[in-house]
Amino acid sequence: MAMVLGYPEQPLTDTLRDCQRQGMALHFCNRKQYQQRYDDTWRQTLSDQYDAWVIPEGGDGEAGLRGFELLQPSVIGYDEIWVAAGTGTSAIGLAENMLPSQTLVIVNAVQDQGALAERLASLSLKPRWRFKDCPYSLRFGKLLPEHRQLMERADAVDLPLDPVYTVRLFSAFLHARQRGKASDNSLLIHSGGLQGRRGMSF
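The protein chain goes by Tryptophan synthase beta chain-like PALP domain-containing protein in an unreviewed UniProt entry, where it is assigned to Thalassolituus maritimus. On record in UniProt, under Cofactor (unreviewed entry), the comment for the protein chain is "pyridoxal 5'-phosphate". Under the Sequence similarities (unreviewed entry) heading, UniProt states for the protein chain: "Belongs to the ACC deaminase/D-cysteine desulfhydrase family."

*Asks:* Can you walk me through the nonpolar core in this structure?
*Replies:* The nonpolar side chains of a soluble globular protein tend to be buried, and buried together. Ile81, Leu94 and Leu104 are the most contacted members of the largest nonpolar core, which has 18 residues in total. Take this core: its biggest share by element is 4 residues, from helix H6 (residues 89–95). For Leu104, the residues in contact, after removing those within four places along its chain, are Ile81, Val83, Ala91, Leu94, Ala95, Met98, Pro127, Arg128, Trp129 and Arg130. Val105, Leu169, Ala172 and Ala182 belong to the second-largest nonpolar core, a separate cluster that totals 16 residues.

*Asks:* Is there a simple way to think about the sheet that holds strand S3 (residues 80–85) in this case?
*Replies:* Each strand in a sheet pairs with its neighbour through backbone hydrogen bonds, running either in the same direction (parallel) or in the opposite one (antiparallel). Overall, parallel pairing links the 4 strands, which are arranged S5-S4-S3-S6 in an open sheet. Each edge of the open sheet is held by one strand with a lone partner, namely strand S5 (128–132) and strand S6 (186–189). Taken over all neighbouring pairs, the strand axes of this sheet differ in orientation by 20° on average, direction set aside. Pairing geometry for S3 and strand S4 (residues 103–108), over 6 bridges, is parallel. Residue pairing across strands places Val83 opposite Ile106, the latter belonging to S4. Sheet strands in contact with helix H9 (residues 166–178) are S3, S4, S5 and S6, and its direction is about 140° off that of S3.

*Asks:* When you look at the packing of aromatic side chains in this model, what are you seeing that I'm missing?
*Replies:* How two aromatic rings sit relative to each other is set out by the distance from centre to centre and by the angle between their planes. Across all of its chains, the model carries 1 aromatic pair by this definition. When the centroid spacing of 5.1 Å and the interplanar angle of 85° are considered together, the rings of Trp82 and Phe173 count as edge-to-face. With Trp82 in strand S3 and Phe173 in helix H9, this residue pair connects regions lying 91 residues apart in the sequence. Note on accessibility: Trp82 and Phe173 belong to one class, buried.

*Asks:* What's the story with the pairing of S3 in this structure? I'm lost.
*Replies:* Each regular strand carries side chains that alternate between the two faces of the sheet. The buried count for S3 comes to 6 of 6 residues, which makes it a mostly enclosed element. As for the winding sense of the linkage, the β-α-β connection from S3 through H6 to S4 is right-handed. Examined bridge by bridge, S3 and S6 share 4 bridges and lie parallel to one another. Residue pairing across strands places Ile81 opposite Leu187, the latter belonging to S6.

*Asks:* What exactly am I supposed to notice about the environment of Tyr165 here?
*Replies:* In this structure, Tyr165 sits in the loop between helix H8 (145–156) and H9. Distance in space between the C-alpha atoms of Tyr165 and Ala84 is 5.5 Å, their sequence separation being 81 residues.

*Asks:* For this particular structure, what's the right way to read H8?
*Replies:* For H8, spanning 12 residues, the distance from its first C-alpha to its last is 17 Å, which sits close to the expected 16 Å at 1.5 Å a residue. Residues of H8 that are buried: His147, Leu150, Met151 and Ala154. Buried residues of H8, seen end-on, are gathered within an arc of 100° and therefore sit on one face of the element. Along H8, exposed side chains directed more than 90 degrees from the buried face belong to Pro145, Arg153 and Ala156. The elements touched by buried residues of H8 are H9. With its phi angle positive at about 60°, Asp158 sits one or two positions after the end of H8.

The rules behind these values
- Residues numbered from 1 in each chain as written.
- Predicted model: local features only at pLDDT ≥ 70, side-chain atom pairs only at ≥ 80, totals over all residues.
- Heavy atoms only, no water.
- UniProt positions renumbered as here; feature names shortened; annotations may be inferred.
- Core = buried A, V, L, I, M, F, W, Y, C linked by side-chain atoms within 4.5 Å.
- Buried < 20%, exposed > 50% of the residue type's maximum accessible area, 1.4 Å probe, protein only.
- Helix = DSSP H or I, 4+ residues; strand = E, 2+ residues; numbered from the N terminus.
- Contact = heavy atoms within 4.5 Å.
- Pairing = 2+ DSSP bridges.
- Axes fitted to C-alpha atoms, helices over the stretch in contact; angles between N-to-C directions.
- Phe/Tyr/Trp six-rings, centres within 6.5 Å; stacked < 30°, edge-to-face > 60°.
- Right-handed = clockwise from strand over helix to strand, strands pointing away.
- Expected span 1.5 Å × (residues − 1).
- Arc of directions from axis to C-beta.

Below is the structure:
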């Protein structure tokens, strides 16, 4: 079962239709309910009510972080690792598997009024790290004209970018490269979202 922000009378996205076809039940919740998604008590109530293992948004939590152990051999050879962030799970999971000599560059893809930056600052991340915040004028999933152009250019060389995370990550990296503030030995991590492209038109 998936908890989805919205109402059943709204048209389903392509991704939600895929979920339904594969047997997932959709439970729609309002904004007030959705705001409880980080509350441990609410998660436990859901788990008890449905006799289920609750997977938090973005795969957040210990299980999500442990998954990044599999990437450890792939990231060691780079000076900088770049990753887009929503909940920050990918960034924190990567940090736990990097060397202190490496730099983690975290590009925030959502407007969170500083919540992610605060969370990261409270942690003792092993590698050096830099944080690039999302422009507060840019709502979740909304593209700047330069992002659309970048996606079109990337498509032309068979490098599909998703409209929420990877395009903002790649754009930030290219801007940093132009200013000489990104290592030539960098690895950019794609953390998902390509299925969201089906609802877009260029």
